[in-house]
Amino acid sequence: MKRTKINLRPFFSLVNIIIIVLAILPSIAFSQDKILSKKIVYEVDIMKPRIEQTKQKDSIVYDYIVDRRFWWQSIDAIMADIRVGKMSLMNFEHDTISYNNVVKNLKAAYKKQFNDSLSDKGVNKLLEEEIRAIRFEEEWTYNPETMLINKRVIGYNPVITKDSIMLVDIDKNDSELKPKQFFRFELGWIYPLGAPTLKDTLCIARNIHFTIPIYNPKPYHWWDSHLEAEYSVPYFESYIQKAEEGKIRVYAEPISTEAYNKAEIIKRRQFEMKIAIDNVDKAGNSSEKDTIIKGNYNSDNISNLRFGDEWFFDIQTKQFIKMANYLSPMVEIKGLDGSLRGLMPIYYIRRR
């Protein structure tokens, strides 16, 4: 069903406009900041799938983690300009791809995956309902006083996805139904030019919460979810040092009312790990003994970053504008067998 477009020209107050301007003007926002990445690419899901079980059937339901109406209004504005040639879709090397070729490739990919032909009406349905993720290419800098990261969006790539219900093993004795991505198609990269005008701006998300990896071992894809150690290690070391020296306030959660004190900050980085050590007695007999090893997480242990972002979309220039509400470096928690048990935020810093 086609959505009704809404003109929200007076949507923002003067205060919000001033905040956005301060975030995007390079001469103000980046002049004293340090570089963290000249080019980083990562993907963010716009909605999360879940299975809704009824007596009749099981189906997949999508929960939006952005404002649903404003997200689709933004996508409609982008696609309208692409269809009439005001904007171009490109590959990652900045070679232009015609819209007709994109549609042709989408139909071919759909045919290969589903063994079914996709009509023009079906293409429009995918574009209007099933763009469920978006890739961003960005430049990151950070304020050395607050350690908050500033993101300048260079380009973006809308991604069509379709999910199916799969039976997934939880352990040897149990399994459960889970949604799993079954089809994926990247429309192409869009690189808007010029500064946002801020005359017709939508708030896509007041706070979108997501976690991304920051080190990618895949050859020839250094930009994909990857920060260069030359810039990232000094950032994380300074982050930890400033927290322990009390130069920045850090929190257990983004919504915590009280900041960590020094003892809590130091304890947060400490960990204990049980390992089995082989002991050999004088007679040459060997035995295993469990030993507890204590240590501290440092910059080498950080593998992910968790963000809470505020996203805006400038309709006239088709640009995304971002501000980090909060962030935390994440460390991997592993079991004795080396398996990943989960990710733990060290501590959060926040904008307000």
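Conventions adopted
Residues numbered from 1 in each chain as written. Predicted model: local features only at pLDDT ≥ 70, side-chain atom pairs only at ≥ 80, totals over all residues. Heavy atoms only, no water. Helix = DSSP H or I, 4+ residues; strand = E, 2+ residues; numbered from the N terminus. Buried < 20%, exposed > 50% of the residue type's maximum accessible area, 1.4 Å probe, protein only. Contact = heavy atoms within 4.5 Å. Expected span 1.5 Å × (residues − 1). Arc of directions from axis to C-beta. Axes fitted to C-alpha atoms, helices over the stretch in contact; angles between N-to-C directions. Parallel < 35°, antiparallel > 145°, perpendicular 65-115°, else oblique. Nonpolar A, V, L, I, M, F, W, Y, C, P; charged D, E, K, R; others polar. Salt bridge = Lys/Arg side-chain N within 4 Å of Asp/Glu carboxyl O. 1 Å grid on protein atoms, 1.4 Å probe; cavity = no way out; pocket = protein on both sides within 12 Å on 5 of 7 lines; lining within 4 Å. Points joined across faces, edges and corners; volume = space filled by probe spheres on them. Phe/Tyr/Trp six-rings, centres within 6.5 Å; stacked < 30°, edge-to-face > 60°. Lys NZ or Arg CZ within 6 Å of the ring centre and 35° of its normal.

Focus on the side chain of Ser74
Its place among the elements puts Ser74 in helix α3 (residues 68-83). With relative accessibility at 1%, the residue Ser74 sits in the buried group. Among residues more than four places away in sequence, those in contact with Ser74 are Leu202, Ile204 and Phe313.

Notes on the environment of Gly295
Position of Gly295 among the secondary structure elements: in strand β11 (residues 286-296). With 26 residues separating them along the chain, Gly295 and Arg269 place their C-alpha atoms 8.3 Å apart. When sequence neighbours within four positions are dropped, the list of residues in contact with Gly295 reads Arg269, Gln270 and Phe271.

A closer look at helix α6 (residues 229-244)
Across its 16 residues, α6 extends 22 Å between first and last C-alpha, which sits within 8% of the 22 Å expected from 1.5 Å per residue. When α6 is considered as a whole, its buried residues turn out to be Ser232, Tyr235, Phe236, Tyr239, Ile240, Lys242 and Ala243. Projected onto a plane normal to the axis of α6, the buried residues spread over an arc of 165 degrees and lie on a single side. Immediately downstream of α6, the backbone of Gly246 shows phi near 75 degrees, a positive value.

Points about the packing of α3 against helix α5 (residues 120-129)
With their axes 9 Å apart at the nearest point, α3 and α5 run at an angle of 135 degrees to one another. When the interaxial angle is binned, α3 and α5 end up oblique. Across from Trp72, Ile75, Met79 and Arg83 in α3, the residues of α5 making contact are Asn124, Leu127, Glu128 and Glu129. Grouping the constituent residues of the contact of α3 with α5 by class yields 4 nonpolar, 1 polar and 3 charged.

Considering the pattern of salt bridges
Taken as a whole and judged by the stated rule, the model has 20 salt bridges. One continuous salt-bridge network, built from bridges that share partners, spans Glu43, Arg135, Arg184, Glu186 and Asp224.

Observations regarding empty space enclosed by the protein
Empty space among the atoms can be located by rolling a probe the size of a water molecule over them. Overall, the coordinates contain 1 cavity of 30 Å³ or more when judged by the stated rule. Met79, Leu89, Tyr99, Val102, Val103, Leu106, Val123, Leu127 and Leu187 are the residues that line the largest cavity. Here the lining of the largest cavity takes 4 residues from helix α4 (residues 99-114), the largest share from any one element. In terms of residue class, the lining of the largest cavity is built from 9 nonpolar, no polar and no charged.

As for the packing of α4 against α5
To characterise two packed helices, one gives the angle between the axes of the helices and the distance between these axes. Contact pair α4 / α5: the axes reach a minimum separation of 11 Å and the direction vectors enclose 95 degrees. Put simply, α4 runs roughly perpendicular to α5. Along its contact with α4, which presents Tyr99, Val103, Leu106, Lys107 and Tyr110, the element α5 presents Asp120, Val123, Leu126 and Leu127. For the contact of α4 with α5, the residue count by class is 7 nonpolar, no polar and 2 charged.

With respect to the packing of aromatic side chains
Evaluated as defined, the whole model comprises 23 aromatic pairs. Taking the centre distance of 5.5 Å and the plane angle of 55 degrees together, the rings of Phe92 and Trp189 count as tilted. With Phe92 in the loop between β4 (89-90) and β5 (96-97) and Trp189 in the loop between β8 (174-186) and β9 (201-213), the pair connects residues that are 97 residues apart, well separated along the chain. By relative accessible area, Phe92 is classed as buried at 18%. Each ring, one from Tyr110 and one from Phe183, has its centre 5.8 Å from the other, and the planes form 75 degrees; the classification is edge-to-face. Here Tyr110, found in helix α4, pairs with Phe183, found in strand β8; they are 73 residues apart in sequence, far enough to count as distant. Residue Tyr110 is classed as buried on the basis of its relative accessible area, which comes to 13%. In this structure, Lys322 is placed above the aromatic ring of Phe136, and the distance from its NZ or CZ to the ring centre is 3.3 Å.

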